[in-house]
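Understanding the architecture of this molecule
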Amino acid sequence: MTISKSLKTTILIGLAMPMSLFILGAYNGVMQTLYRAGVLQRAATAGINYYQGLTMHGVINAIVLTTFFAVMFGHFTIVHYLQREPPRWSYIGSLVLMVTGATIDLVVMVLGKASALYTFYAPLKASAFFYIGTAMLIIGSWIAFAGWLKPWREWKREHPDEKMPIAILGTFVNFTMWFMSSIPVIYELLVLLTPWAMGTTDTVHVPLTRTLFWMFGHPLVYFWILPAYVGYYTILPKIAGGKLYSGNAARMAFLLFLVLSTPVGVHHQLSEGAISGGVKLWVSVLTFAVSIPSFMTAFTVGASLEYAGRRRGARGLLQWMKKLPWLRADNYLFGYFICGLILFIFGGLSGIVNGSYTLNQLVHNTGWVPGHFHMTVAGPSILFILGLTLYMFHEVSGKPLHMKLTITIIPYLWMIGVAMLSHGLMAGGLMGEPRRTNLGMSYTNPDSPMFNSHWVPSTTLTMVGGIVMGTAALLYFICFFRMLFSKPVAAARVSLPESEELHEEKDIPLLLTMKPWVVICLVLVATTYVPTIKNVFKYGKPVKNQYQMENPVNIIQDEK
Amino acid sequence: MDKYELRAIALSGGLLAVFFFAVLYNSYSRNLDMPTCLPFEKTFEKSEVNKIDDNLYEVYIVAHMWAFDPEEIEIPAGSTVDFYLTAKDVVHGFHINEKGVNMMAVPGTINKITTRFDSPGVYRFVCNEFCGQGHQNMMGKIIVR
Amino acid sequence: MDNKDNHTDDNFKPYGTIAFMVLLLILTAIVWFSVYKIQIDRA
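**Here's the deal with the overall build of chain A**
Secondary structure summary: chain A contains 17 helices and 2 strands in total. In terms of C-alpha radius of gyration, chain A reaches 23 Å, essentially the compact-globule figure of 24 Å for 560 residues. Summarising its shape, the C-alpha atoms of chain A cover approximately 70 × 50 × 50 Å along the three principal directions. In chain A, the proportion of contacts linking residues at least 24 apart, taken out of those at least 6 apart, comes to 86%.

Given below as structure tokens:
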């Protein structure tokens, strides 16, 4: 389908802006591995402080890039499957808010006024502009979602007997989950933190702000992966030469994510004081439960790929894995999918460890945690983002995609880099190596009395992995920007490969409506968060604290 | 739903149930537990090491930018220690890696865990939550004789 | 071509995927219990 000029411009800006910022995000990631390995033994390099760089890395890569992509891929999916555009006010309004919010955040981070990391835990202070900018980015994405409801209703009226396409279900589940769970963080940002940062209030209830953040923070990670899952179910089987093994399973997995990803934020707070053991145990049960739709995805996608392999003549139990379109320049997207899946095996397993109640104490805030999430968000999520950004930009701009061989190799190189990076981080983490720490200034500096020699091999392996990842990123930027700066050779269009379903399955009515699932979701959220909020007020109290990261003196002076 | 899909779900669910019971077993039989809640009181903001008897100690740790108070704790081997933890300014972490003790020090809350130090040695603990410019310098030692 | 597809479709049983899932679950158990053992050793 061809698209209007304003939607075309929106999508191109919405893809190019975060990809440009990603240069800064990736640079800061590689730099951190140098600091942590003790190659850099100082607080700052080239005007960027370690913790400032860490903030930029997290905010750009994990909030800006991922949110913009989810919205742009959402627009693309809506237009392809529903053959109509969202209303102009929604996609332009959303873009304006998101670009403004992200720009404010960028400026404030570069100026060093928001070095509180992407979790911005109080009482460490970031500029009020940072809180406002982040809120604008999130609210902008809500507006995009609101705009998609109109084309959906129109399509439904024209196709009353057809099921909601799986890609649309995945997109709507993702954004419903996102909308519901970003309400607590918008409250935290605008009602609690902004007045506190501006000096209008002088107390902050720290465990409350943390609880609100993580109420958002866990569904956030599903917001990152669900677009990739939409791709795994609806694009991958087609480009691998197979069919989707079960449409019902795909639908069930998405709906299970809606109800099980929203209540489990407390599993990021297992080692905090103000929440009772009972809630923590219940949330661990729900966390085990939310791994089930991922195991389902492994099975369904695996079976779809096995079908593809057998169609190409594979025999025996595992030969189908070999008979897939690996490293084919005419099918570059396949690599972005499959390398993400391989990494996700280890990312998912390490995630189960994190959520296992008492086992969490072995890994909390150690290198194990970034080891885990670089195999999830920096695995399947980012690879899907990178691959589809190339694809969507190429289609919508009509500009040619050159260097196909390089583009094909990038995900494999990236995968090798992440494997090394994460292995070093996880091994180091089990040896007690802390995350979010400028190790080169102390723990990995042989001249420091705090030197810990055990952490040298792990941080060194991580650094090598980081450099490999950085190389893959550099190659990607060359390919992407070469396309961006060339002249269009084709008309703009929007189209996606669509997987066929393997079997004619019986409809399961429960899987064809979102309403009961939203109700179950709210009930489950209440079972974890009503007791948690009660605990937080019973066991914690507000404090009159506010600190800049450079200064151990309280900004709020007590009048006593 | 496809029967092979259901089997895959059942197998995964079964393994997760095994994990769950393994964790519960640890909590009940091996006394391996989560950090506990206590209601906040200002008295916890004063650091102390109390010897209750020959083998039982209470240590009240206060985390602040950028050191722990107390920074060095000496106890005899075989002691059981109750750690009470809070923070004076921002959020900090407290991680004794060799004992698997890992707690957040959150201002306005108290966190508690109990652990036993059987073997003599020096047990380092580090701050593992970003707390500002001096975060990488924040560590302490428990010397067990 | 369609007939051949239908024949393959109907007869397709995901034995290879089941094998993969079993291996995946074994790997999950190995990783999980390794960390579990470390915790017991340290406590």
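**Focus on helix α14 (residues 377–397) of chain A**
When you tally the buried positions in α14 of chain A, you get 20 out of 21 residues, the bulk of the element. Backbone geometry just after α14 of chain A places Gly-398 of chain A at a positive phi near 75°.

**Here we look at the interface of chain B and chain A**
Residue-level contacts link 51 residues of chain B with 62 residues of chain A. Sorting the residues of the side of chain B that touches chain A by element identifies α1 (3–29), β1 (36–38), β7 (92–96), β8 (101–105) and β9 (110–117) of chain B as the ones contributing at least two each. Tallied by class, residues from the side of chain B that touches chain A come to 27 nonpolar, 19 polar and 5 charged.

**Let's talk about helix α15 (residues 404–430) of chain A**
With 27 residues, α15 of chain A should reach 39 Å at 1.5 Å per residue; the first-to-last C-alpha distance of 40 Å fits that figure. Of the residues flanking the end of α15 of chain A, it is Gly-432 of chain A, one or two places downstream, whose phi is positive at about 95°.

**Regarding the interface of chain C and chain B**
Contact with chain C, which involves 12 residues of that partner, is made by 12 residues of chain B. Looking at the side of chain C that touches chain B residue by residue, the classes come out as 9 nonpolar, 2 polar and 1 charged.

**So, the packing of helix α10 (residues 292–311) of chain A against α1 of chain B**
Viewed as axis vectors pointing N to C, α10 of chain A and α1 of chain B meet at an angle of 140°, and their least axial separation amounts to 9 Å. In terms of orientation, α10 of chain A lies oblique with respect to α1 of chain B. For the element pair α10 of chain A and α1 of chain B, the recorded crossing hand is right-handed. Across the interface between the two elements, Ile-292, Phe-295, Met-296, Phe-299 and Thr-300 of chain A from α10 of chain A touch Glu-5, Ala-8, Ile-9, Ser-12 and Gly-13 of chain B from α1 of chain B. Considered class by class, the residues forming the contact of α10 of chain A with α1 of chain B number 6 nonpolar, 3 polar and 1 charged.

**Quick notes on the pairing of strand β6 (residues 79–87) of chain B**
Residue and element names in this part refer to chain B. Most of β6 sits inside the fold, with 7 of its 9 residues counted as buried. When strand β3 (residues 56–64) meets β6, the two strands line up parallel, connected through 8 bridges. For Ala-63, the partnering residue across the bridge sits in β6 and is Ala-87. Inspection of the sheet shows β6 paired to β9 by 7 bridges, in the antiparallel sense. Considered in β9, the bridge of Thr-80 is made with Arg-116.

**Some details on the sheet that holds strand β11 (residues 139–144) of chain B**
All names here are of chain B. Here 5 strands make up an open sheet; going across it, the order is β5-β11-β10-β7-β8 and the pairing mixed. A single partner strand is all that each edge strand has here, and the edge strands are β5 (72–75) and β8. Each adjacent strand pair in this sheet contributes to an overall mean axis angle of 20°, direction not counted. Summarising the sheet, β7 and strand β10 (residues 121–126) pair through 2 bridges and their orientation is antiparallel. Following the sheet pairing, Ile-96 is matched in β10 by Phe-125.

**Details of the confidence of the model for chain B**
Residues and elements named next belong to chain B. Summing up the model confidence of chain B, the mean pLDDT is 94 and the portion of residues at 70 or higher is 100%. Looking across chain B, the model is least confident in β1, with a mean pLDDT of 87, and most confident in β7, with 97. Scoring the predicted complex yields pTM 0.96 and, for the interface, ipTM 0.95.

Calculation rules
- Residues numbered from 1 in each chain as written.
- Chains lettered and ligands numbered in written order.
- Predicted model: local features only at pLDDT ≥ 70, side-chain atom pairs only at ≥ 80, totals over all residues.
- Helix = DSSP H or I, 4+ residues; strand = E, 2+ residues; numbered from the N terminus.
- Rg over C-alpha atoms; globule rule 2.2 N^0.38 Å.
- Contact = placed C-beta atoms within 7 Å.
- Buried ≥ 20, exposed ≤ 12 C-beta atoms within 10 Å, placed from the backbone.
- Nonpolar A, V, L, I, M, F, W, Y, C, P; charged D, E, K, R; others polar.
- Expected span 1.5 Å × (residues − 1).
- Axes fitted to C-alpha atoms, helices over the stretch in contact; angles between N-to-C directions.
- Parallel < 35°, antiparallel > 145°, perpendicular 65-115°, else oblique.
- Left-handed = near helix turned anticlockwise from the far one by under 90°.
- Pairing = 2+ DSSP bridges.
- pLDDT = per-residue confidence, 0-100.

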